[in-house]
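Here are the chains, one letter per residue:
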Amino acid sequence: MPAPSAEVMTASAGPGRAPVVEMFDVHAGYGKVAVLRGVNLTVPRGSVFALLGPNGAGKSTLLKVAGGRLVPTSGCVHVAGRHVNGTPPETFARAGVCSIPDQGVFPNLTVAENIRVFTHAGGVSASAAEERAFSRFPRLAERRRQLAGTLSGGERQMLAMARAFVNDPAVLLLDEISMGLAPMIVAQLYEVVGGLADEGITVVLVEQFAQAALRVATYAAIMKQGRIERVGEPGDIRDELAGAYLGGHQ
């Protein structure tokens, strides 16, 4: 099945939902190893867009290209309507693109200090930043004076996400945020993700556990062998995903 065109995806987004990330015939890889093979994709503003498919499909590589951490070998990448091929990662950051979990946490700083570190660039006060973070993750408020290195894996993931909210990102790129975490923690993380689109934040996420992502996704794409095979709303692709791509293990 050919990859869907960007024009088709934009049309399905509806009025007032202009794309924030666009890729046109993007090829990318590592050295001589080709990973992305002609990706066409449009992510509407204010949506939660899930990239799904088997291991090795190119999902994480696509996120790296979208975040400016990997330069495509050919094709075009647009962020907020601007051609960004080959520009430094700072260009993506200024456009409001934020990657998680690459951002990580500072283990020797407290939870509150980790959040405050990111206020210097955006002109946000420490109190406002903490309010944003703790309102989404009350558990972090209880641990505000605790060193980040002593947090559980789920709490560190919450903190990494909370720091991303400090400067109101336009696009949040999430790569396997559920990895190694208990189902209850995963549910809490995705509850937050599900509310971000209502605030105007676009989320592009990679998730091996498809059902967790589909519960909050506005749109989803199935990737296979470096190409996007199918794009649609969750209900449109659920059966195809289970049967053909994840072997029913979701």
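Since the model is a prediction, treat every value here as computed from it, not as a measurement.

Q: Can you walk me through the overall build of the chain in this structure?
A: Per the secondary structure count, the chain includes ten helices and ten strands. Looking at the 250 residues of the chain, the share that counts as buried comes to 48%. Considering only intrachain contacts with a sequence separation of at least 6, the fraction spanning at least 24 residues in the chain is 67%. Accessible area of the chain: about 11000 Å², with a carbon and sulfur share of 53%.

Q: I tried to follow helix 8 (residues 183–196) on my own but got confused; where do I start?
A: Counted at 1.5 Å a residue, the expected span for helix 8 with its 14 residues is 20 Å, and the 20 Å between its end C-alpha atoms agrees. Along helix 8, the positions that sit buried rather than exposed are Ile185, Val186, Leu189, Tyr190, Val192, Val193 and Leu196. Angular distribution of buried residues about the axis of helix 8 spans 150°; they occupy a single face of the element. Looking at helix 8, the residues exposed on the side facing more than 90 degrees away from the buried face are Pro183, Met184 and Glu191.

Q: What is the right way to look at the environment of Ala50 in this model?
A: Looking at the element boundaries, Ala50 is found in strand 3 (residues 48–52). A residue is classified by how much of its surface remains accessible, and Ala50, at 0% relative accessible area, is buried. With 183 residues separating them along the chain, Ala50 and Glu233 place their C-alpha atoms 9.9 Å apart. Beyond its immediate chain neighbours, meaning those up to four positions away, Ala50 contacts Leu205, Ala213, Ala217, Tyr219, Ala220 and Ala221.

What counts and how
- Residues numbered from 1 in each chain as written.
- Predicted model: local features only at pLDDT ≥ 70, side-chain atom pairs only at ≥ 80, totals over all residues.
- Heavy atoms only, no water.
- Helix = DSSP H or I, 4+ residues; strand = E, 2+ residues; numbered from the N terminus.
- Buried < 20%, exposed > 50% of the residue type's maximum accessible area, 1.4 Å probe, protein only.
- Contact = heavy atoms within 4.5 Å.
- Areas by Shrake-Rupley, 256 points an atom, 1.4 Å probe, with all protein chains shown as cover.
- Expected span 1.5 Å × (residues − 1).
- Arc of directions from axis to C-beta.

So yeah, pure geometry; function would need other evidence.
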